[in-house]
Amino acid sequence: MMWELLWEHKGKLMGILAGLFFGIIYLLVGFWNTLVFVVFVGTGYYIGRKLDHKEDLREILDRILPGKFR
């Protein structure tokens, strides 16, 4: 049951893990607050959720940064 739940939300899980990884690296190398850490994890979750809904990564990035990924 746990594996099925994780498999169903694999994009979100991968996004959170990527955000967690980069967030920890940022906190260990630099300093700055936990706010930056939360932004990394939140961004990873957002992109992972969009990928779970089968949205194109280029469309997502074009919405975030218009005109950069055409």
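Here the structure is shown first, and the text comes after it.
Residues numbered from 1 in each chain as written. Predicted model: local features only at pLDDT ≥ 70, side-chain atom pairs only at ≥ 80, totals over all residues. Heavy atoms only, no water.

Glancing now at helix α2 (residues 10-29). Compared with an ideal rise of 1.5 Å per residue, which puts 20 residues at 28 Å, α2 spans 28 Å between its outermost C-alpha atoms and is within 8% of the ideal. All buried positions along α2 are accounted for by G11, K12, G15, G19 and G23. With its buried residues spanning 90° around the axis, α2 presents them on a single face. Of the residues in α2, the exposed ones pointing more than 90 degrees away from the buried face are M14, L28 and V29. (Helix = DSSP H or I, 4+ residues; strand = E, 2+ residues; numbered from the N terminus. Expected span 1.5 Å × (residues − 1). Buried < 20%, exposed > 50% of the residue type's maximum accessible area, 1.4 Å probe, protein only. Arc of directions from axis to C-beta.)

All right, on to the layout of surface pockets then. Empty pockets left among the atoms are what a rolling probe the size of a water molecule brings to light. What the largest pocket holds in volume is close to 160 Å³. Around the largest pocket, the lining residues are M14, G15, A18, G19, F22, F40, T43, G44, I47, G48 and L51. Looking at the lining of the largest pocket element by element, the count peaks at six residues for helix α3 (residues 34-52). In terms of residue class, the lining of the largest pocket is made up of six nonpolar, five polar and no charged. (1 Å grid on protein atoms, 1.4 Å probe; cavity = no way out; pocket = protein on both sides within 12 Å on 5 of 7 lines; lining within 4 Å. Points joined across faces, edges and corners; volume = space filled by probe spheres on them. Nonpolar A, V, L, I, M, F, W, Y, C, P; charged D, E, K, R; others polar.)

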